[in-house]
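Here's the letter readout for the chains.
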Amino acid sequence: MEIVFYVAGIVAIVATILMLTQRVAVHALLYLVVSLLAVAVIFYDLGAPFVAALEVIIYAGAIMVLFVFVVMLLNVRIETARGVRLRSPAVWIGPGILSAILIAELVYLLATGEPGYATVSTINPEEVGVALFGPYVIGVELASMLLLAGLVGAYHLGVRKIRAGRESWN
Amino acid sequence: MELIRYGFLLAGILFALGLLGVLVRRNIVFTLMSLEVMLNAAGLAFIVAGARWGQADGQVVFLFILAMAAAEVSVGLALLVRLYHEYKSLDTDGASRMKG
C-alpha cells in the first residue's frame, strides 16, 4: 500500500527530528527506536519481510539494548539529580503516539491481506539465503572477520586491569 | 517509478538528518545514535533499489550493513565508556586534548 509507505516515512522523519532535539539521552533513544521501527514497517511494505524482522530484532532490539545499557550506566545519577522521571507521561507520550500509528499500519497491512507496495513483489527469505550463501559467500566470511575484530576491539577497550594494587584501564 | 523517487528521497532525508546530528550535537551518545540513523538510511536505499528491480541483492547488502553497524556500535560504545572514565564528561570536545 502506498499510503502505508508515506505514513511510515513521515513517522520515521518526525521521530528522527525529535530524537535530535532531545536533551536527555534516554528520551532520544526512545525516539530512535520508533524511527527504526518505522523503517522496519517500510521494509515490510516494500516486500522484504525477512529484513524487516532483522531490523526489529537486531537494530531495535540488540543494538538499542547496548545503547540503553551504556546510557543507564553513565548517566543515571545525573538525570535523577536533575529531576527527570522516566515514568512521567511527558516522556513516553510522544514515542507512544508514533508507535501506535505504526501498529495501526501493521494491523491494516495484515488485515487487507495483500501486503506490499503495488508494483513490488515479495522477496522471500529463501531467495535472500540463496543469494547470501551463493555469490555473496565471501562477504559472509568478511563480515565474520569484521565481527571478530569488533569483539576483540570492544574487549580490549572495555577491560579493566588491576596492576600493582591500583585499578587502571589497560 | 515513484517508488524509487520517494524511497530515495526518504533515505536521503534520513541520511541528512543523521549527518546533521553528527555535526550539530556535541554529546557523544547522540553522535553514535546519528551514525546509526545514517547507516539505517543507507540500508533503506539498498532495500528500495532491491524492491524496484525485484532482486534479493539489496537485502543481502542490508545484512552486511547490519553486521557492520553491530561491530561499529560495540567498539564505539566501548570507546564512549573509556572516554567518560577518562574525562568525566560525554563532550566530544573533551577528547580534543588527546595526544598521541
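Residues numbered from 1 in each chain as written. Chains lettered and ligands numbered in written order. Predicted model: local features only at pLDDT ≥ 70, side-chain atom pairs only at ≥ 80, totals over all residues. Heavy atoms only, no water.

**Q** Any details on the environment of Val39(A)? Residues and values, ideally.
**A** Residue position: Val39(A) is located in helix 2 (residues 25-45). For the pair Val39(A) and Val11(A), spaced 28 residues apart in the sequence, the C-alpha separation amounts to 9.0 Å. (Helix = DSSP H or I, 4+ residues; strand = E, 2+ residues; numbered from the N terminus.)

**Q** Tell me what's going on with the interface of chain A and chain B, and back it up with residues and numbers.
**A** Taken together, the contact pairs 59 residues of chain A with 52 residues of chain B. Taken together, the two surfaces of chain A and chain B that pack against each other cover about 5000 Å², and 80% of this comes from carbon and sulfur. Applying the counting rule to chain A against chain B returns zero salt bridges. Our count for the contact surface shared by chain A and chain B stands at four residue pairs in polar contact (both at pLDDT 80 or more). Counting only elements with at least two residues in the side of chain A that touches chain B, the list comes to helix 1 (2-21), helix 2, helix 3 (49-82), helix 5 (125-132) and helix 6 (137-158) of chain A. At 14 residues, the largest contribution of residues to the side of chain A that touches chain B is made by helix 3 of chain A. Split into classes, the residues belonging to the side of chain A that touches chain B amount to 44 nonpolar, ten polar and five charged. (Contact = heavy atoms within 4.5 Å. Buried area = accessible area lost by both parts, 1.4 Å probe. Salt bridge = Lys/Arg side-chain N within 4 Å of Asp/Glu carboxyl O. Polar contact = N/O pair within 3.5 Å; in protein donor to acceptor, adjacent residues only side chain to side chain. Nonpolar A, V, L, I, M, F, W, Y, C, P; charged D, E, K, R; others polar.)

**Q** So what about the packing of aromatic side chains? Which residues, and what values?
**A** On inspection of all chains with the given rule, the structure shows four aromatic pairs over all chains. Consider the rings of Phe5(A) and Tyr6(A), whose centres lie 5.6 Å apart with planes at 70°: the pair is edge-to-face. For Tyr6(A), a relative accessible area of 28% gives the class partly exposed. Judged by centre distance (5.1 Å) and plane angle (80°), the rings of Phe43(A) and Phe62(B) are edge-to-face. With Phe43(A) in helix 2 and Phe62(B) in helix 3 (residues 57-87), this residue pair bridges two chains. Above the ring of Phe30(B), the side-chain terminus of Arg25(B) is found at 3.8 Å from the ring centroid. Positioned above the aromatic ring of Trp53(B), the side-chain terminus of Arg52(B) is 5.0 Å from the ring centre. (Phe/Tyr/Trp six-rings, centres within 6.5 Å; stacked < 30°, edge-to-face > 60°. Buried < 20%, exposed > 50% of the residue type's maximum accessible area, 1.4 Å probe, protein only. Lys NZ or Arg CZ within 6 Å of the ring centre and 35° of its normal.)

The quantities given are spatial measurements derived from coordinates; they are silent on function.
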